[in-house]
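Survey of secondary and tertiary structure
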Amino acid sequence: MRFIDTRTSLLAALLAGSTLARAGGVPVVQEVTITGNRPGLIGVADSATDGVVTAKQLATRPLLRTAELLETIPGMIVTQHSGDGKANQYFLRGFNLDHGSDFATSVMGMPANVASHAHGQGYMDLNFLMPELIANVQFRKGVYAAEDGDFSNTGSARIDYLRRLPAPFVDLTLGQHQFRRVLAGGSAEYAGYDLMGAVEVAGNNGPWDLPAGLRKRNGVARLSKGSAGDGFAVTAMAYESDWTATEHVPQRAIDSGEIGRYGALSGSDGGKTHRYSLAGEWAGGDAAGASRLSAYVIDYGLNYFSAPSGFIGGPQGDQHEQADERVIWGGEARHTRSFGGVELTAGLQLRQDRVSSLGLYETVGRARVRTVREDRLTETAAGLFIEARRQWTPWLRGTLGLRRDQIRAHVTPTGGEFNMDNGGSAGAGQTSPKLSLVFSPFGTPGPAEFYANWGYGFHSNDVRGATSATHPADGSAAEKLSLFAKSSGAEIGLRAKPLPGWNTSVSLWRMRAASELVFVGDEGVTEARGASRRHGLEWSNYFAPSRSVNIDADLAWSHARFQQPVENGGSHVPNAIPLTASLGLAYEPGGAWFAGLRLRYLGAYALEETNTHKSAPFWLANLKLGYRITPTLQLGVDVLNLLDRKANDIEYWGGACTRGEQADGSCGGGIDGRLVHPLEPRTLRLSMRATF
């Protein structure tokens with residue numbers, strides 16, 4: 001895998017950008033080949049939790065869902081509480097990230113998080129990714145980098161695709177529950193230009209009593225020349241998906257036998273979505289410095305139907321539709337240059353969401369019966385940042401950053417009995433200083449480095465929460481809320497190579513968030529859930545005892561509390577996972593056989609603020625085995641949930657009613673209880689790859 005890194009910080013300039021090496025005292029642009037691993041960044045990283053995941057690491061990783069590739073980030077948990085066509089649920093550093101509100105992801109320079117989304121702020125649907133095409137995943141945690149803006153409280157990831165495939169190929173995968181997938185890709189070269197393309201078609205019913213009927217169509221075409229640090233690329237992508245969903249259900253409905261373990265309360269939940277995009281990027285450099293330009297446009301849509309509370313409202317059910325139609329465009333420009341021993345990077349980021357329709361509707365069997373709210377909006381976000389890096393002494397280097405973010409938005413109500421006065425304009429800004437210090441007492445590169453990081457960050461709130469004066473469901477008064485939910489964080493860490501082939505990193509971190517403000521798409525309002533504080537400890541290891549075997553092991557502990565008691569006098573942050581662990585073994589000798597084994601542990605977490613009710617902890621194991629019959633033909637088998645654990649992908653605590661409870665009159669205004677979405681049972685998938 002090839003990418004560009006700076007001399008003093010691999011991820012500081014572009015996380016796939018330019019490097020300034022010194023030859024005779026003159027800065028020159030140089031491409032560097034990295035064959036190391038995610039923690040092996042001594043001498044270049046800005047923190048103990050910066051990292052790089054290579055294509056080789058992904059190749060032997062068994063995946064139930066596409067977005068699980070983010071679990072290569074130590075401590076990250078990716079799960080699901082609904083159908084697989086919907087964005088996943090993410091957890092990191094004591095945050096229930098919901099569908100992406102506090103972790104920023106970009107793909108080839110395009111943001112994956114969607115602001116002011118119909119279902120949830122920062123909605124991050126990664127189902128359009130093709131893992132086999134990924135060149136690298138470059139990640140960092142915390143709020144310490146000036147180039148990271150909205151949604152990056154816990155960190156960020158930048159995903160890049162290959163510019164050229166080694167050979168044309170066709171992958172065919174078949175599995176239980178009518179899982180089928182075909183992926184075909186290839187490359188061509190003409191007059192010095194590389195063209196890479198791939199097409200994916202997939203379907204799945206899942207183990208659910210109500211078949212998921214997932215249908216996925218996906219394609220990408222990429223024209224490029226040169227490298228990520230000195231060249232250009234134009235990428236077109238198209239993704240469509242539709243599905244039927246089994247939502248989380250009350251545990252008591254399963255226990256009583258009203259529905260089966262894989263049963264659903266509603267027979268028509270699910271949805272359809274699309275994402276069409278065009279992106280361009282250019283990078284170049286000379287003795288004076290390095291520059292990068294990028295631009296993108298995305299056509300995005302979602303129609304999502306769900307009834308998470310079942311039948312509280314009556315025998316017709318509580319189903320609603322969340323609809324989102326928008327065009328997102330934006331780009332970035334940055335330049336890096338050295339002045340008197342200081343490396344300066346300045347950049348400007350611009351994004352505008354032009355949302356033609358953003359709606360919440362009451363529905364029965366996916367037919368609209370009432371408009372709760374419907375809006376048209378334009379949201380423009382601009383970020384200006386500057387970073388200064390310097391090697392102060394042979395044992396000390398540092399990065400000082402400053403970022404300014406500004407958001408302006410205008411909302412025009414177009415429907416809803418109690419929503420028509422909720423329009424208007426809103427604007428806000430924030431200045432966020434950043435600081436990173438790296439101590440290298442044993443020389444650079446040496447056996448160990450120490451890191452100290454500090455900074456301010458934020459996630460934006462749904463702009464409708466900043467303009468709405470009434471609750472759209474009933475017309476009651478609503479408090480207008482800030483566009484910014486501010487945060488601050490700090491971290492100290494160590495990165496070391498105790499033995500040949502063994503890289504380890506340890507970090508101790510803390511974070512404060514001024515407010516846990518979130519937009520609740522199910523109700524069409526923004527809720528304030530109080531200020532919070534978090535701290536934790538992370539330990540990550542990567543061990544390569546030979547060229548054929550790689551072992552990684554991660555442990556992450558966190559403590560999340562509201563600063564003041566909230567509901568029922570409790571201070572626990574619901575669904576903040578306090579302990580996660582993972583262990584992976586990859587065997588890839590380059591011969592006939594290859595394999596990957598993954599173990600993942602989720603500790604028990606509070607389901608509500610008093611911690612009276614907690615989830616059940618569990619281990620999960622996945623296995624991948626492969627055999628190369630010839631150099632151009634290989635077979636594989638994935639065994640997902642290898643030990644057939646009867647646990648839950650996700651648990652919540654909340655009010656809901658089953659059809660039976662509504663019929664016998666015991667529902668009332670809803671029955672509080674445990675809401676669960678079970679793990680899929682042991683699942684076998686067989687694959688065949690042919691290269692040409």
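Conventions adopted
Residues numbered from 1 in each chain as written. Predicted model: local features only at pLDDT ≥ 70, side-chain atom pairs only at ≥ 80, totals over all residues. Heavy atoms only, no water. Pairing = 2+ DSSP bridges. Helix = DSSP H or I, 4+ residues; strand = E, 2+ residues; numbered from the N terminus. Phe/Tyr/Trp six-rings, centres within 6.5 Å; stacked < 30°, edge-to-face > 60°. Buried < 20%, exposed > 50% of the residue type's maximum accessible area, 1.4 Å probe, protein only. Lys NZ or Arg CZ within 6 Å of the ring centre and 35° of its normal. Patch = residues over 30% accessible without salt bridge, like charges linked within 9 Å, V, L, I, M, F, W, Y side chains within 5 Å. Areas by Shrake-Rupley, 256 points an atom, 1.4 Å probe, with all protein chains shown as cover. Salt bridge = Lys/Arg side-chain N within 4 Å of Asp/Glu carboxyl O. 1 Å grid on protein atoms, 1.4 Å probe; cavity = no way out; pocket = protein on both sides within 12 Å on 5 of 7 lines; lining within 4 Å. Points joined across faces, edges and corners; volume = space filled by probe spheres on them. Nonpolar A, V, L, I, M, F, W, Y, C, P; charged D, E, K, R; others polar. Contact = heavy atoms within 4.5 Å. Core = buried A, V, L, I, M, F, W, Y, C linked by side-chain atoms within 4.5 Å.

**Brief notes about the sheet that holds strand β8 (residues 95-96)**
Whenever strands of a sheet pair, they do so through backbone hydrogen bonds, lying parallel or antiparallel. Ordered by their spatial adjacency, 3 strands build an open sheet running β6-β7-β8, and the pairing between neighbours is antiparallel. Each edge of the open sheet is held by one strand with a lone partner, namely β6 (77-79) and β8.

**Comments concerning the packing of aromatic side chains**
Under the defined criterion, the tally for this structure stands at 6 aromatic pairs. Residues F458 and F484 carry aromatic rings whose centres are separated by 4.8 Å and whose planes lie at 50° to one another, so their mutual orientation is tilted. Of this pair, F458 sits in strand β28 (residues 448-460) while F484 sits in strand β29 (residues 484-499), and the two are 26 residues apart along the sequence. The same class applies to F458 as to F484, namely buried. For the cation-ring pair, R368 lies above Y361, with the distance from its terminal atom to the ring centre recorded as 3.7 Å. A cation over a ring is seen here: R685 above F179, with NZ or CZ 3.8 Å from the ring centre.

**Quick word on a nonpolar patch on the surface**
A cluster of nonpolar side chains, V170, L172, L174, V182, Y587, W593, Y627, I629, L635, M688 and F692, forms an exposed patch at the surface whose accessible area comes to about 1000 Å². The topology assignment puts V170 in strand β15 (residues 169-175).

**Focus on empty space enclosed by the protein**
As enumerated under the stated definition, the model contains 14 cavities of 30 Å³ or more in all. Its boundaries defined by the atoms lining it, the largest cavity holds a volume of some 900 Å³. Here the lining of the largest cavity is composed, by residue class, of 18 nonpolar, 14 polar and 15 charged. Taken together, 31 residues line the second largest cavity, and the ones lying closest to its centre are E68, E71, R600, L620 and N622. Going through the elements one at a time, β6, β34 (549-562), β35 (579-587), β36 (593-602) and β37 (618-630) are the ones with two or more residues in the lining of the second largest cavity. Its residues assigned to classes, the lining of the second largest cavity comprises 16 nonpolar, 6 polar and 9 charged.

**Let's talk about the environment of G584**
As for its placement among the helices and strands, G584 is situated in strand β35. Taking relative accessible area as the criterion, G584 reaches 2% and is therefore assigned buried. For the pair G584 and I551, spaced 33 residues apart in the sequence, the C-alpha separation amounts to 5.6 Å. Once you skip the residues sitting within four places of it in the chain, G584 turns out to touch N550, I551, D552, L597 and R598.

**Quick word on the nonpolar core**
Within the largest apolar cluster, 54 residues are counted, with the highest numbers of intra-cluster contacts made by L70, M76, Y90, L126, L133 and Y161. For this core, the element with the most residues is strand β22 (residues 289-306), which contributes 5 residues.

The values are spatial; any link to function lies outside them.
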